[in-house]
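Next come the chains, spelled out residue by residue.
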Amino acid sequence: MASELKKPFPIGQIAWILVWGGALYATLQVHLLEGTHAICGPWGCGPPVSALVGYHGFWLLLVLPAALIVAKKLPLESAKRVGKVLALAGLAGVIVLVAVDAVKFLQHASPQYLLQRCFFRLATFVDFPLVPMALAGWLMRRWANSKEAAQDSTTAADPV
């Protein structure tokens, strides 16, 4: 054939992309809100809470929709496997991050504040989306499992 007609990009998808892009931009502007150094401890104070909310919101909005879109495009078994790998990698990253920081912290301070310091480190770590990655993997697995259960219930209800 000379040329194939391409389907036009659905207006709904364009609208969702625009809303998603606007939400990403908005989360990165949250740091402009009045913020104080509310996360403080014996080690000092961390960044403003508004900056942390902006960064963590950005990572969530970037990772979660992408994971759900990928889960819908993959076969169910592949989506479950990718979800498991993402969840385990994110969880392992969190454990390593907290463990390394705990060892460094215990060299200079008493263990009395160890738990607070671990949560502080996790809250202020915005360089890589470890928690959103683990959450995205968990959601991918849940979505694939629910789709599989729905398929099983329809095949069980329709005796052929």
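To start, this report covers the structure provided alongside it. Quantities reported herein were computed from a predicted structural model and do not represent experimental measurements.

## Things to note about the overall build of the chain
Part 1: What the chain contains, in helices and strands, is 5 helices and 2 strands.
Part 2: For the chain, the sequential pattern of α-helices and β-strands runs α-β-β-α-α-α-α.
Part 3: Across the 160 residues that make up the chain, the buried fraction comes to 27%.
Part 4: The long-range share in the chain, meaning contacts at least 24 apart out of those at least 6 apart in sequence, stands at 75%.

## Re the nonpolar core
Part 1: Judged by nonpolar contacts, the single largest core of 13 residues is most densely connected at Ala71, Ala136, Trp143 and Ala144.
Part 2: Of all the elements in the fold, those that place two or more residues in this core are α2 (49-73), α3 (76-108) and α5 (130-157).
Part 3: No other element matches α2, which puts 6 residues into this core.
Part 4: When residues no more than four places from it in sequence are discounted, the contact partners of Ala71 are Ala79, Met140 and Trp143.

## Some thoughts on α2
Part 1: Over its 25 residues, α2 runs 36 Å from end to end, which matches the ideal 36 Å to within 8%, given 1.5 Å per residue.
Part 2: Within the sequence span of α2, burial applies to Ser50, Ala51, Leu52, Gly54, Gly57, Phe58, Trp59, Val63, Leu64, Ala67 and Ala71.

## Notes on the side chain of Asp101
Part 1: Considering the arrangement of structural elements, one finds Asp101 in helix α3.
Part 2: Here Asp101 is in contact with Arg117 and Arg121, once residues within four sequence places are set aside.

## So, the packing of helix α1 (residues 11-29) against α2
Part 1: The contact between α1 and α2 brings their axes to 7 Å, and the two run at 160°. As the angle between them shows, α1 and α2 are arranged roughly antiparallel. Contact residues: α1 offers Trp20, Ala23, Leu24, Thr27 and Leu28, while α2 offers Gly54, Gly57, Phe58, Leu61, Leu62 and Pro65.
Part 2: Looking at side-chain class alone, the contact of α1 with α2 contains 8 nonpolar, 3 polar and no charged residues.

## Observations concerning the packing of α3 against helix α4 (residues 114-124)
In a packed pair of helices, the relevant descriptors are the angle between the two axes and the axis-to-axis distance.
Part 1: Interhelical geometry of α3 versus α4 gives an angle of 130° and a closest axis separation of 9 Å. One way to sum up the angle between α3 and α4 is to call them oblique. The handedness of the crossing between α3 and α4 comes out as right-handed. In this structure, α3 uses Val94, Leu97, Val98, Asp101, Ala102, Phe105 and Leu106 to contact α4, whose residues at the interface are Leu114, Arg117, Cys118, Arg121 and Leu122.
Part 2: A class-by-class count of the residues in the contact of α3 with α4 yields 9 nonpolar, no polar and 3 charged.

## What about the state of the cysteines?
Part 1: A full pass over the atoms with the stated rule returns 1 disulfide.
Part 2: Disulfide pairing places Cys40 opposite Cys45 at an S-S distance of 1.9 Å. Taking the sign of the S-S torsion, 110° for the link of Cys40 and Cys45, the bridge is right-handed.
Part 3: Under the relative-accessibility criterion, Cys40 is labelled partly exposed at 39%.
Part 4: Left without a disulfide partner, Cys118 is nearest to the cysteine sulfur of Cys40, which lies 18 Å away.
Part 5: You can call Cys118 buried: its relative accessible area is 12%.

Quick notes on the rules
- Residues numbered from 1 in each chain as written.
- Predicted model: local features only at pLDDT ≥ 70, side-chain atom pairs only at ≥ 80, totals over all residues.
- Heavy atoms only, no water.
- Helix = DSSP H or I, 4+ residues; strand = E, 2+ residues; numbered from the N terminus.
- Buried < 20%, exposed > 50% of the residue type's maximum accessible area, 1.4 Å probe, protein only.
- Contact = heavy atoms within 4.5 Å.
- Core = buried A, V, L, I, M, F, W, Y, C linked by side-chain atoms within 4.5 Å.
- Expected span 1.5 Å × (residues − 1).
- Axes fitted to C-alpha atoms, helices over the stretch in contact; angles between N-to-C directions.
- Parallel < 35°, antiparallel > 145°, perpendicular 65-115°, else oblique.
- Nonpolar A, V, L, I, M, F, W, Y, C, P; charged D, E, K, R; others polar.
- Left-handed = near helix turned anticlockwise from the far one by under 90°.
- Disulfide = S-S within 2.5 Å.

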